[in-house]
Amino acid sequence: MTSKTTNAKTTAKKATAQTPVEQVSQHIDQLKENTSATLNEVKQLTSSARDRFEGQAEAASETIQKNVAGLQEEVNARVSYAKEHLNTTRQNITDLFNTLKAEITDTFNELLNDAQGTIGEVKEVLTKAKDDALVKLDDSKKTTLDAWQKFKG
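Quick notes on the rules
Residues numbered from 1 in each chain as written. Predicted model: local features only at pLDDT ≥ 70, side-chain atom pairs only at ≥ 80, totals over all residues. Heavy atoms only, no water. Helix = DSSP H or I, 4+ residues; strand = E, 2+ residues; numbered from the N terminus. Buried < 20%, exposed > 50% of the residue type's maximum accessible area, 1.4 Å probe, protein only. Areas by Shrake-Rupley, 256 points an atom, 1.4 Å probe, with all protein chains shown as cover. Phe/Tyr/Trp six-rings, centres within 6.5 Å; stacked < 30°, edge-to-face > 60°. Lys NZ or Arg CZ within 6 Å of the ring centre and 35° of its normal. Patch = residues over 30% accessible without salt bridge, like charges linked within 9 Å, V, L, I, M, F, W, Y side chains within 5 Å. Salt bridge = Lys/Arg side-chain N within 4 Å of Asp/Glu carboxyl O. Lys, Arg positive; Asp, Glu negative; His and termini not counted. Charge placed at Lys NZ, Arg CZ, Asp CG, Glu CD. Expected span 1.5 Å × (residues − 1).

Engineer: Which residues make up the overall build of the protein chain, and what are the values?
Structural biologist: Broken down by element type, the protein chain carries 2 helices and 0 strands. Out of the 153 residues in the protein chain, the part that is buried amounts to 4%. When the accessible surface of the protein chain is summed, it comes to about 13400 Å², and 61% of that surface belongs to carbon and sulfur atoms.

Spelled out as structure tokens, the structure:
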């Protein structure tokens, strides 16, 4: 910006020794130079800002990509853990049901064996009771017949 001020002062000094047309022409030339310098300055600032923003955008993009990759890894790890936990739980449930089934089968078989043993014992007791009853019935029959014979006779 100081070059513009210096150029303007130089133009003003030259203008005093020149005709008005030359002064206007020189002033126009000076304005062109100033505009060109300003335009170049704007181009440089724009280019610098664009370069800076492109660098920031690239850095932000890399950071985002790293973050996404990290999140993807975390998600994959959690999914793997969940699958392992699910498989372990499934296996534990299967093992539990198999153990329960075996225990129920063993208990049922024990109860069945006990019941069969008890049925055998009950059969024996009933058979003995029947035999005893038949013996008593025979004794009673004999006693009754003997008594009848004595009564009749």
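After that view of the structure, there is still more to cover.
Engineer: Go over the packing of aromatic side chains with me, naming the residues and quoting the values.
Structural biologist: Within the structure shown, the criterion is met by 1 aromatic pair. Sitting over the ring of Phe53, Arg52 keeps its end group 5.5 Å from the ring centre.

Engineer: Give a description of a negative patch on the surface that names residues and reports values.
Structural biologist: Together, Asp51, Glu54, Glu58 and Glu62 line one region of the surface with negative charge. Its location among the elements puts Asp51 in helix α2 (residues 20-152). Residue class for Asp51 comes out partly exposed when judged on its relative accessible area of 44%.

Engineer: Account for the pattern of salt bridges, with residues named and values stated.
Structural biologist: One pass over the structure, following the stated rule, counts 2 salt bridges. Measuring nitrogen to oxygen at the nearest pair gives 2.8 Å for the salt bridge that ties Glu74 to Arg78. Of the two residues, Glu74 and Arg78 are both situated in helix α2; the distance of 4 residues between them amounts to about one turn of the helix. Residue classification places Glu74 among the partly exposed residues on the basis of a relative accessible area of 37%. A salt bridge links Lys128 to Asp132; the nearest nitrogen and oxygen atoms lie 3.5 Å apart. With Lys128 and Asp132 both in helix α2 and 4 residues apart, this pair spans about one turn of that helix. According to the relative accessible area criterion, Lys128 is exposed, its value standing at 53%. Since its relative accessible area comes to 35%, Asp132 is described here as partly exposed.

Engineer: Describe α2, listing the residues and the values that go with them.
Structural biologist: The periodicity of an α-helix, 3.6 residues per turn, causes residues three or four places apart in sequence to face the same way. Compared with the 198 Å implied by 1.5 Å per residue over 133 residues, the 186 Å span of α2 between its first and last C-alpha is a close match. Every buried residue of α2 is listed here: Gln26, Gln30, Asn34 and Ala49.

Engineer: Describe in detail a nonpolar patch on the surface, supporting the description with residues and values.
Structural biologist: A grouping of Ile93, Phe97, Leu100 and Ile104 is seen on the molecular surface, where their side chains present a nonpolar patch of about 400 Å² in accessible area. Topologically, Ile93 is positioned in helix α2. For Ile93, a relative accessible area of 41% puts it in the partly exposed group.

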